Amino acid sequence: METAAGSRKILVAIKRVVDANVRIRVKPDGSGVVLDGVKLSINPFDSIAIEEALRIKESGRADEVVIATIGPADCQATLRNALAMGAQRALHVVADAALEPLSVARVFLKLIEREQPFLVILGKQAIDDDNNQTGQMLAALWNRPQATFASKLELGDKTVKVTREVDAGLETLEVDLPAVITTDLRLNEPRFVKLPEIMKAKTKPLASIPLAELGVGGTPRVKTIKTEPPPGRQRGIMVKDANELFTELSKRGLV
C-alpha cells in the first residue's frame, strides 16, 4: 500500500530494556530494579523486527525503514543504535514515565497516522515486562490485520504470508496489507553493527515528539506494589538411578 507521497514505509516500534546479559538487581526498598550504571539495549525481539524490516527494504520491497520508541531523553542513544543497523529515520516520543501497553499502542497509532506505513513490525514482547500485548492492541486500534510470533515472513504486493509459532507447531497466515507483525526469535539473526555505520547514524534524522503533542494520556491503570527477587535455588543432589530419583521426589511430596 503506497502513501500519498508514493513511498512504501515500514514502521518498526522498539523499546529500551536492561541488556539481556545483565544480572538484574532489585532495589533494597523493593520499589523496582536497579538501573543506575546498568547497560540498556534494544529489546532483543525488537532487534529482530529491525533486521526483518531492513531485509525487506534491501530486497527492494520497501523504500524506507522508520524506527520509533517511547521514553525519556536518553533513549536517543538506543535509537541511534537502531539507525546504525541501517534504518533511515527515527521518531522519539519523549515520555518520562513508563506507559502501559494500551497507551503505547495509542501512541504508535498516532505515529502510523502521520507516517502512513504499509507494514508495522514489533517484537512479540519486551524482556522486562513480558506483556506481549502492544502489537495486538495496536492492530485492533488501527483496525488492520495482525500476525503474531512470526518465524518466517513472505511479502507480496498486497498481502504478507506469515509462518508463526504456536503450541501445536507452525501455522501459516496470509493477511492483507497494511498489517501489524510481531516477531519471534527464529525469524532472523540481527546483523552486527560496524563502526562506520555507528558514525553515519549520528547524522541521520531523529525527530523528538513530546507525548502531550500526540494527545495520548498516560495515566497508569496498574500499580506495582512491590518488586521482589526470585527465591534462591536450593542446592541439588546426585541420584544413582530413576528409582532413587522417584524416592527422593516422593519424600518431598513432588510426585
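Details of the structure are given in the entry above.
Quick caveat, the model's predicted, so the values are computed rather than measured.

> Would you mind showing me how to read the overall build of the protein here?
When helices and strands are tallied, the protein shows seven helices and 11 strands. Projected onto its principal axes, the C-alpha positions of the protein cover 70 × 45 × 40 Å. Evaluated residue by residue, the protein yields a buried proportion of 44% over its 255 residues. Counting only contacts in the protein whose residues sit at least 6 apart along the sequence, the fraction spanning at least 24 positions is 70%. Of the accessible surface of the protein, which amounts to about 14,800 Å², a share of 51% is contributed by carbon and sulfur atoms.

> What exactly am I supposed to notice about the environment of D241 here?
With respect to the element layout, D241 can be found in the loop between α6 (211-214) and α7 (242-251). Reaching out from D241, the side chain makes a polar contact with the backbone nitrogen of N243 at a distance of 3.2 Å.

> Explanation requested: unusual backbone geometry in the structure shown.
Note: most peptide bonds trans; most residues except glycine with negative phi. Residue P178 is reached from L177 by a cis peptide bond, and omega for that bond is -5°. In this structure, P178 sits in the loop between β9 (169-176) and β10 (179-183). Although it is not a glycine, Q116 sits at a positive phi angle of roughly 55°. Position of Q116 relative to the elements: it lies in the loop between α3 (101-115) and β6 (119-123). Assessed through its relative accessible area of 42%, Q116 is described here as partly exposed. Positive phi, close to 60°, is recorded for N143, a residue that is not glycine. On the secondary structure map, N143 appears in the loop between α4 (134-142) and β7 (146-155). The exposure class assigned to N143 is exposed, which follows from its relative accessible area of 65%.

Rules used throughout
Residues numbered from 1 in each chain as written. Predicted model: local features only at pLDDT ≥ 70, side-chain atom pairs only at ≥ 80, totals over all residues. Heavy atoms only, no water. Helix = DSSP H or I, 4+ residues; strand = E, 2+ residues; numbered from the N terminus. Buried < 20%, exposed > 50% of the residue type's maximum accessible area, 1.4 Å probe, protein only. Contact = heavy atoms within 4.5 Å. Areas by Shrake-Rupley, 256 points an atom, 1.4 Å probe, with all protein chains shown as cover. Polar contact = N/O pair within 3.5 Å; in protein donor to acceptor, adjacent residues only side chain to side chain.

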